[in-house]
Amino acid sequence: MDYVLLVEQLLNGFQLGIILFLMAAGLTLVFGIMDLVNLAHGSLFMIGAFVGGTLALATDSFVLGAVLMVPAMFVIGVLLETIALRTLYRRSHLDQVLATFGLILFFNEATRLIWGPEGLVIPLPDFLEGTVALGAGITYPLYRVVIIGVGLLVALGLYLLVAKTRFGMLVRAGASNRTMAGALGVNIPALFTLVFGIGAVLAGLAGLIITPITQAAIGMGEDVLILAFVVIVIGGIGSVRGAFIAAVLTGVIDTMGRSFLDLLLLLVLPANAAEAAGPALASMLIYILMAGILFFRPQGLFPPRGATVIQ
Amino acid sequence: MTRRLTPAGTVTALVLALCAAVPYLAPALDEPFYVIVFARIMIWAIAAVSLNLIMGYGGMISFGHAVYLGIGGYAVGILGFHDVTSAWVQLPVAIGLSAVVALVFGVICLRTRGIYFIMITLALAQMVYFLSVSAERYGSDDGLNILWRSDFGTRLFDLEDSVVMYYTIFAVLLGCLLVKWRIVMSRFGMVLRASSSNDTRVQAVGVPTFRYRLVAFVIAGVMCGLAGFLQANLERFVSPDMMNWHRSGELILMTVLGGTSTLFGPVVGAVVFLMLSEILSTITIHWHLVFGPFLVLVVLFARGGVMGLLGSRARHD
Amino acid sequence: MCKRILGAVAIVACTSTPASADIKIGFVTTLTTPAAVIGRDMRDAVELALEHIDHRMGQETVEVIYGDDEFNAQKGKQATERLVLRDNVDLVTGYIWSNVLLASAPVVLNADKFLISANAGPSPMAGRRCHQNFFNISWQNDQTPMALGELLNQEEIQTLYVVAPNYVAGQNMVAGVERSFTGEVVGKDMTVWPSQRDWSAELSKIKAAGPEAVFMFYPGPAGPAFVKQYQQAGLIESVPLFSVYTFDSISLPLFQAAGIESVLGSKMTQFWAPDMDNEQNRKFVAAFRDKYGRYPSFYAAQSYDSIFFIKSAVEAVNGNIQDLDGMRAALRKAEFPSVRGTFRMGTNHFPIQNFYERRVVQDTEGNWTTSVGPVVLEDHQDPYAGECAMEG
C-alpha cells in the first residue's frame, strides 16, 4: 500500500473528525450538563452554514462572514434556549426528542422559505484555494488543512476554557452533579444559557466551515447529528476531551474503512464478493465500533469524573 | 377502559369504530383512497404499540425498532423474489427471524441503560440497514417490488382482495392490543414496569429482571415484524428505507405523541401523526412549518401526549 | 380529536372534488428536499407548455396536478396513489428518480392508466418489466453513459476511474460506460446516496490511482459539490473529468457564481442541448428564458416534451381518452414536435434517438451554458429492448 495515499486518508479522516468534534462538543455539554437531548443541534449546523454563508456573500469576504457568524449564532442559540428549550429541561428525554424533532421540521422549512430549495454556494477566497505540498510527495487541499487548523485551535481554546477558568469549573461541576452545583449557589439558568450559546456557535462554525466543500443544503445537519451522537456516546457524555478523541477516532475509522476495506477484503474474499461487501461493511464500521465500546465500557471511554449514571 | 367512558375511552372507541368502518365509509363518501391510508396507519399503529410495550412499560427506548419492520418486510420480499409466495412459509420466517434478531439484539442491548441503550439499538439497526443496502441481488437501495401478496392457499382468505387485506390488518391490530393488555395487567407486566423505575430494587427481591426484559424485547420485536409482514403485503414493495433510523424515530414520535405507557396512546399517536401529515401536505408543501411547532406545543401543553390531554393518566411516572 | 380528523377529511374531500378540466394529468416530481431544484425546473416547464397549448388538447381542457415524492420511493408511491385513487387523474407523468418510478409504476399500471416517465429510465422498465401502458419520453439510463464511453474511446482515453452514487441510476450509468468504453477501468467507487457529500477519501484514491480520465455521475446539487472538491484537490487541471447529467442549467449558474472557470470546455454527452436548432426548441428555450430568467435544464426540456407527447395522443383519439388502444397507437408513433428534433419510439416504448457531444460554453451575454456538438451515437436504441416481451 502506497504511504502517500495512507497519509492523505489519515488527514481526510482527521478533517472529518474535526467537523464531528465541533458538533459533538456543544452536544455533549448540553446533554451532560442540562440533560437535554437536543435533536435541533443539527439545525444549528445548518443555520450556521446559511447565516454565515449569507454574511460572507454580503460582505464579499468568507473570513469576515465567519467572524460575524460567531455573534449571530450566539444570539440565535441564546434565543432558542430561552424561548423554546428552557422549559424542556425537566421533561423526560422522550418529550425532548418529540419537541426538538418538531423544531427540526420548523427550521428546515423556514430555511427553504428564506433561501429557496437550491441551497447556498459559498465561493472560497483565492488564498484558500489550491493545494499545499506537505513534503514527502504529499499534496493536500489547502482549505482542508485550514479546517484542521481551525478545529485544533477551537479544541485548544475549549480545553483551556473548561480546564482553566472559573466558568469551566462550573461547567465541570454541572456535568458531574447538577443538583449539587445548584445547591452551592451557581446561577444555573445563566450557566445553561451561556453553554447553549457556545454550543450553537460551535455547531454553526462546523456547518459554515464545511460549506465551501459540500455546499449548504436543507437538512444537511441531520446525518452529522447522528454521527455526533455516536461520538459523544463513545467519548462519554459530558466530556469535551472524550468528544475530541472519539470524534477523531470516528472520522479516521470511517474514512479508512471507505478507502481500504475493499482492498483488505480482497485478501480473504473473491473479487465480486469483496466489491459488494466492502461499501456495506465500511458504512457499518463506526456503528460496530460504538456497539463494541459500549459493550465493554457502557459509559463510554471518558465519562466525566464522579458523574452519576445518566439515565 | 371504555367502561367509565372517560374522554380517552371515548376516543379509543371512536378511533376503533372509525377504523372498522373505513372500508365502507370511504367509498360511500366517494373517497376510496382513504382505505389505503387507514390501512397504512393501522400498520404503523401496530409497530408503535409494539414499541410502547418496551418503551412505555419497560423504559427501553429503542431507536432501532423499525429494523423489525424491515425484517418482516424482507421476509416477504426475498421469499417472493424466489417465487415462494406461500404465507405458510413467509409468515413463520418473518416471525422467526424477528424473534431471533430481537433475541440477539436484546442480549447485547440490555446490558446498557438510558441514552446508551438508545444509541446501541440505533447502531445494531443501522448494521442491518446497511446490510440491506448492500444486497444488490435484492435491489439494494431501490428495494424490491412484490408481485404477489402472501398466499394463504385458500380463496376464502385472499390478501389480494383489498377488503380482506384491510380487515386482516385491523384484526392483527386488535390482537396486538389484546396481547399487550394481557401482558401489562399480568405479573410479568408488573415486573417490567417495576424494573423500569427501579431495577436494583426488583433484583434485590430476587426477580431476574434481565430475563423479563429480554422476553418483552422479543415479543415487541415479533409484533413489529408482523407489522413489517403486513406492510410489505400492503405496499407490494420493500426497501431499506423501511428500517432507516428516520422510521425508528417516527415510531418513537408517534408513541410519544399519543401518550407513552397508555395502552391505546400509540394508536392515537399514529392516527394523528399520519393523518395530519396527509392533510397538511395536501394543503401546502410548506406543511412542516405548521407541523413542527404543533409537535412542540403538544410537548409543552399536553403532558403525556394526546391521551394525557384527554385525561388518561399514565400508569406510572 | 376524532371529530376534528373527520372534519379535516371532509375539508380535503371538498377541496379535491373533481376540477373543471376535461383531462387531468398527474405529475410526480420532487418539490421538497434539496432535490426540489429539479422539480421546480420540471414544473416550470410544464406550466410553460400548458400556456403554449392554451391549456387545451384538441377540444379538451387540461389540468396538471402535482405530487411530491419527497425524494423517497415510498413517499413517491404514496403521492402516486393519491393522484390515481383520490384525484382520479387520467394519466401520470413526471418521475425524476428511477427508484421512485419502479416503486410507483404498479400503482398506475394496475389502474389501467398510462404512465409516461419524463426522466427516469431504469433498465427493468425497458426490459423484462416493460408494459404496454408505460412510455419513456427521455432516455434509458444506460444510453447517455454509453455515448460517453464512445466519446472516451474517440478521445483515446486508456485508463478510467469511475465514481457514482450507489443507487439504481448510478449503477446503470456505470454499467453504461463500462459497456462501450474499450480501455481499462482502474478504479470504481460507489458512494452512499444521497447522504455522502464529502468525497475526500475517493479523491485521494483517484489521485493515487492516476487514471487518464475520471467519469462521474451526480445528479442535482451534489454534482457541483463534487466538482468543487475535485478542483480543490488539484485534480481538475491534471485529470480531465467526464460526466453525464452534471453540467446543466441548474448547476452551471452555481459554478459561475463560484468562479470555477475550469468547467468551461468540459465535455459530456446528451440527447439535447439548449441551442439545438429546430423550431420547437427555439420557441421553448426563448420562452423559458423570457419567463423564468434562466436556461432550461434537460429535465425541463423532457417535461415540456411530455405535455406535447400526451397532447398528440389525446388529439389522435379526438379527446376520447378512454380509447386506450387508440391512445397507445398514437403514443407509439410519437408524432409531435419534440425539442430534440425527430425521433422514433422503440418496441419497448423507449426513444430511439441521437446522442450528441455537448460542452460547457459561455454564451454571448456571458452566461455559462451548454452547446451541442457532433453526433456520438446515431439512432441509438437501449440494450434492454430485446428483453422486452411486449408485441411490437
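Since this is a predicted model, take the numbers as computed values, not measurements. (Residues numbered from 1 in each chain as written. Chains lettered and ligands numbered in written order. Predicted model: local features only at pLDDT ≥ 70, side-chain atom pairs only at ≥ 80, totals over all residues.)

Enquirer: Please set out the overall build of chain A residue by residue, giving values where relevant.
Expert: A tally of helices and strands in chain A yields 11 helices and two strands. For chain A, the succession of helices and strands along the chain, N to C, is α-α-α-α-β-β-α-α-α-α-α-α-α. In terms of overall size, chain A behaves like a compact globule, its C-alpha atoms giving a radius of gyration of 20 Å where 311 residues would be expected to give roughly 19 Å. The dimensions of chain A, computed from C-alpha atoms along their principal axes, are 60 × 50 × 35 Å. (Helix = DSSP H or I, 4+ residues; strand = E, 2+ residues; numbered from the N terminus. Rg over C-alpha atoms; globule rule 2.2 N^0.38 Å.)

Enquirer: Outline the overall build of chain C, supporting the account with residue identities and numerical values.
Expert: When you go through chain C residue by residue, the secondary structure sums to 13 helices and 14 strands. When the backbone C-alpha atoms are referred to their principal axes, chain C occupies close to 60 × 50 × 45 Å. The proportion of buried residues among the 392 residues of chain C is 60%. Put simply, of all contacts in chain C between residues at least 6 apart along the chain, 73% involve residues at least 24 apart. (Buried ≥ 20, exposed ≤ 12 C-beta atoms within 10 Å, placed from the backbone. Contact = placed C-beta atoms within 7 Å.)

Enquirer: Give a detailed account of the nonpolar core, specifying residues and quantitative values.
Expert: By size, the foremost hydrophobic cluster in this structure holds 345 residues, and its most contacted members are A:Met23, A:Ala24, A:Val233, A:Met290, B:Ile46 and B:Met119. At 20 residues, helix H2 (residues 33-55) of chain B tops the list of elements feeding residues into this core. (Core = buried A, V, L, I, M, F, W, Y, C linked by C-beta atoms within 7 Å.)

Enquirer: I'd like a description of the interface of chain A and chain C, backed by residues and values.
Expert: If you look at the interface, chain A gives 31 residues, while chain C gives 27 residues. Among the elements of the structure, helix H1 (3-34), strand E2 (139-141), helix H5 (142-164), helix H8 (188-214), helix H10 (240-268) and helix H11 (271-296) of chain A are those that each provide at least two residues to the side of chain A that touches chain C. With six residues, the top contributor of residues to the side of chain A that touches chain C is H1(A). Grouping the amino acids of the side of chain A that touches chain C by side-chain chemistry returns 11 nonpolar, 13 polar and seven charged. (Nonpolar A, V, L, I, M, F, W, Y, C, P; charged D, E, K, R; others polar.)

Enquirer: Can you tell me about the pairing of strand E14 (residues 368-380) of chain C, naming the residues and giving the values?
Expert: Residues and elements named next belong to chain C. As defined by bridge partners, strand E13 (residues 351-362) adjoins E14 across eight bridges and the pair is classed as antiparallel. Its bridge partner lying in E14, valine 360 is registered against threonine 370. Hairpin connection of E13 to E14: five residues between the antiparallel strands, including glycine 366 at a positive phi of 95 degrees. (Pairing = 2+ DSSP bridges.)

Enquirer: Please provide a residue-by-residue account of the domain arrangement of chain C, values included.
Expert: By convention, interface size is frequently given as the accessible area that disappears when the constituent parts associate. All names here are of chain C. Considered domain by domain, chain C is made up of domain 1 (2-139 + 278-342) and domain 2 (143-270 + 355-380). Distance from the C-alpha centre of domain 1 to the C-alpha centre of domain 2: 29 Å. Contacts between the two partners involve 15 residues from domain 1, matched on the other side by 14 residues from domain 2. In terms of residue count, the dominant contributor to the side of domain 1 that touches domain 2 is helix H2 (residues 36-52) (three residues). (Domains from an automatic or database assignment.)

Enquirer: Kindly report on the interface of chain A and chain B, identifying the contributing residues and their values.
Expert: Of the residues lining the interface, 37 residues belong to chain A; the matching set on chain B comes to 38 residues. Counting only elements with at least two residues in the side of chain A that touches chain B, the list comes to helix H4 (93-115), helix H9 (221-235) and H11 of chain A. A total of 14 residues in the side of chain A that touches chain B trace back to one element, the largest contributor, which is H4(A). Here the side of chain A that touches chain B is composed, by residue class, of 29 nonpolar, five polar and three charged.

Enquirer: Can you tell me about the sheet that holds strand E2 (residues 56-57) of chain C, naming the residues and giving the values?
Expert: Residue and element names in this part refer to chain C. Spatially, the six strands line up as an open sheet ordered E2-E3-E1-E4-E5-E6, and their pairing is mixed. Of all the strands in the sheet, just E2 and strand E6 (134-136) have a single pairing partner and so form its edges. Pairing between strand E1 (residues 23-29) and strand E4 (residues 91-94): four bridges, direction parallel. By the bridge assignment for E4, glycine 26 is matched with valine 92.

Enquirer: Hey, could you go over the environment of B:Ser196 for me, with residue numbers and the actual values?
Expert: Residue and element names in this part refer to chain B. Within the secondary structure, serine 196 sits in helix H7 (residues 187-197). In the structure, serine 196 is positioned 139 residues away from tyrosine 57 in sequence and 7.2 Å away in space, judged by C-alpha atoms. Every residue in contact with serine 196, bar those within four places of it in the chain, is listed here: Tyr57, Gly58 and Gly59.

Enquirer: How would you sum up the pairing of strand E7 (residues 159-165) of chain C? Please name residues and give values.
Expert: Residues and elements named next belong to chain C. Burial runs high along E7: six of the seven residues are buried. Sheet analysis places E7 next to strand E8 (residues 184-191), joined by seven bridges and oriented parallel. Bridged to threonine 159 within E8 is glutamate 184. Viewed along the sheet, the connection from E7 through helix H7 (residues 168-180) into E8 turns out right-handed. Sheet topology note: the E7/strand E9 (residues 213-216) ladder contains four bridges and is parallel. Bridging from a neighbouring strand, leucine 160 pairs with alanine 213 of E9. (Right-handed = clockwise from strand over helix to strand, strands pointing away.)

Enquirer: With reference to specific residues and values, describe the environment of B:Leu53.
Expert: Relative to the helices and strands, B:Leu53 resides in helix H2. Those residues in contact with B:Leu53 that sit more than four places away from it in its chain are B:Lys180, B:Ile183, B:Ala216, B:Ile219 and B:Ala220.

Enquirer: With reference to specific residues and values, describe unusual backbone geometry.
Expert: Look at C:Phe71: it is not a glycine, yet its phi comes out positive at around 60 degrees. Locating C:Phe71 in the fold gives a position in the loop between strand E3 (60-68) and helix H3 (73-86).

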